[in-house]
Amino acid sequence: MPKIIPIEFSGSPTPTLGVEWEFALTDKVSGDLSNSAAELFTEVGRRAPDRAGKVHKELLRNTVELVTGVSTTTREAIDDLSATLDVVRSITDGLGVDLYGAGTHPFAEWSTQLLTEGHRYAELINRTQWWGRQMLIWGVHVHVGIDRRDKVLPILTSLLNYYPHLLALSSSSPMWSGQDTGYASNRAMMFQQLPTAGLPFQFQTWHEFEAFVADQKTTGIIDHLNEIRWDIRPSPHLGTIEVRVCDGMTNLVELSGIVALIHCLVVDLDRRLSAGEELPHMAPWLVQENKWRAARYGLEAIVILDSDCDERLVTDDLTVLLKRLEPIAEELGCIDELARVVDIVDHGASYQRQRSVHERTGDMRAVVASVVSELD
């Protein structure tokens, strides 16, 4: 039996926020992906060294990630991202590229993409081969601070009940390699092909999680904890739960609604657990079905609500959920941002808008242009 190495959790005294927002770089003329991230990073470092630490590399040279510092409110996190975004966008025009915020690109081919230099990325591709090279996907990750490690896994497991709500709202990846996939989020289906990605295991205690990590390291599945790429995962060194469910987001307004919703959901579960409540959860096979339904049908998904297998249209359940979370949103100072979730439902999610453009124009490049334009 492998020796269990304790995993320290640097608890956050308050439910702080951190947001990571991935973008693709697209050529202004062709709309295709552009492997020009290295030039962008160089220019950010030269022109705005104070912001360079908030602009990160990713697996491929067509990708840039904007990250916040530790924030206390949704508004603070969005303002932080906006300031970094302004710097990056002041540079992209000169490089002949745009920032593209959806979960997949509608027609780019994986074979023309270049790998970011670095041993970690090379090892990932060496191990995952064809599936790893297919990862032309972009998402949004939201961290929420948790004060004690014994809370992390019960909250994470219960948060899976809301997986389809978050994915349906953020779905922005209906097209792949020149075709409409029929899915609202093809990204969610693609990413789970990697060996340590997909839905998390439903551990209830930290000791169970430590034993799992020990097995992973002993058998060489991972070398570092951050190689566990679950859709929702603990981030022990940051003292957070990291929600990685969402597709890429095309604009700050909708992003703020999603961030506010995640913040409120985690804080609500944290308080209920602290009050002695046993948090609700569903069997893994029900969670898995909900993920598929949301990825396939988006805002038209009928989702499973509980262990009794009660079901409801996801938008109807969102109406109930948002009303219940309003008092917490007031306390967290994000009531206005949370209300923007309703706008996504009323006006359509990104996958619906992309399909509308394609149905009207028949042109995948017009889809790219529409996604790029939403950042303005």
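Every chain is numbered independently, its residues counted from 1 as its sequence is written. pLDDT decides what is reported in this predicted model: residues at 70 or higher carry local features, side-chain atom pairs at 80 or more are listed and counted, and totals for whole chains, interfaces and linings draw on all residues regardless. As a rule here, side-chain values come from all non-hydrogen atoms in the structure, and water together with hydrogens is ignored.

Per an unreviewed UniProt entry, the recorded name for the protein is Putative glutamate--cysteine ligase 2, and the organism is Gordonia jacobaea. Heading Catalytic activity (unreviewed entry) of the UniProt record for the protein holds this comment: "L-cysteine + L-glutamate + ATP = gamma-L-glutamyl-L-cysteine + ADP + phosphate + H(+)". UniProt positions are given in the numbering used here, feature names are shortened, and annotations may be inferred rather than shown by experiment.

A. Summary view of the side chain of Arg293. Here a helix means four or more residues in a row that DSSP labels H or I, a strand means two or more in a row labelled E, and each is numbered from the N terminus. Inspection of the secondary structure assignment puts Arg293 in helix α9 (residues 284-297). By the criterion applied in these results, polar contacts are pairs of N or O atoms within 3.5 Å in which, for protein atoms, one can donate a hydrogen and the other can accept it, and in which residues neighboring in sequence qualify only through two side-chain atoms. A distance of 2.8 Å separates the side chain of Arg293 from the backbone oxygen of Ile302, its partner in a polar contact. Here, residues are in contact when the closest pair of their heavy atoms is within 4.5 Å. For Arg293, the residues in contact, after removing those within four places along its chain, are Gly298, Ala301, Ile302, Val303, Ile304 and Glu311.

B. Representation of helix α10 (residues 314-332) in the model. Helix geometry: α10 is bent most strongly at Glu326, by close to 45 degrees, with proline Pro327 lying one to four residues after it. Among the residues of α10, those classed as buried are Val314, Thr315, Asp317, Leu318, Leu321, Leu322, Leu325, Ile328, Ala329 and Leu332. On its buried side, α10 packs onto α5 (163-170), α8 (252-274), β12 (302-304), β13 (311-313) and α11 (335-347). Immediately downstream of α10, the backbone of Gly333 shows phi near 70 degrees, a positive value. Bend is computed residue by residue as the angle between axes fitted to the seven residues ending at the residue and the seven residues starting at it. When a residue's accessible area, from a 1.4 Å probe over protein chains only, is under 20% of the maximum for its type it is buried; when over 50% it is exposed; and in between it is partly exposed.

C. Structural view of the packing of α5 against α9. Two elements in contact, α5 and α9, have axes separated by 8 Å at closest approach and are oriented at 15 degrees. The angle between α5 and α9 falls in the class roughly parallel. Two packed elements cross with a definite hand, and for α5 against α9 that hand is right-handed. Contacts from Tyr163, Pro164, Leu167 and Ala168 in α5 reach Asn290, Lys291, Ala294 and Ala295 in α9. Inter-axis angles, ranging from 0 to 180 degrees, are taken between N-to-C directions of lines fitted to C-alpha atoms, where helices are fitted over the stretch in contact. Just so you know how the angles are binned, under 35 degrees is roughly parallel, over 145 roughly antiparallel, 65 to 115 roughly perpendicular, and the rest oblique. Here is the rule for handedness: rotate from the far helix to the near one, and if that takes an anticlockwise turn smaller than a right angle the crossing is left-handed, while a clockwise turn gives right-handed.

D. Structural detail: the packing of aromatic side chains. Only rings of Phe, Tyr and Trp enter the pairing, Trp through its six-membered ring, and a pair is recorded when the two centres are within 6.5 Å. The plane angle decides the type: under 30 degrees is stacked, over 60 is edge-to-face, the rest tilted. Applying the stated rule across the entire model yields 12 aromatic pairs. When the ring of Trp21 is compared with that of Phe23, the centres are 4.5 Å apart and the planes differ by 45 degrees; the resulting orientation is tilted. Judged by relative accessible area, which is 0%, Trp21 ranks as buried. Given the relative accessible area of 1%, Phe23 is considered buried. Joined through ring pairs, the aromatic side chains of Phe9, Phe201, Phe203, Trp206, Phe209, Phe212 and Trp230 make up one cluster.

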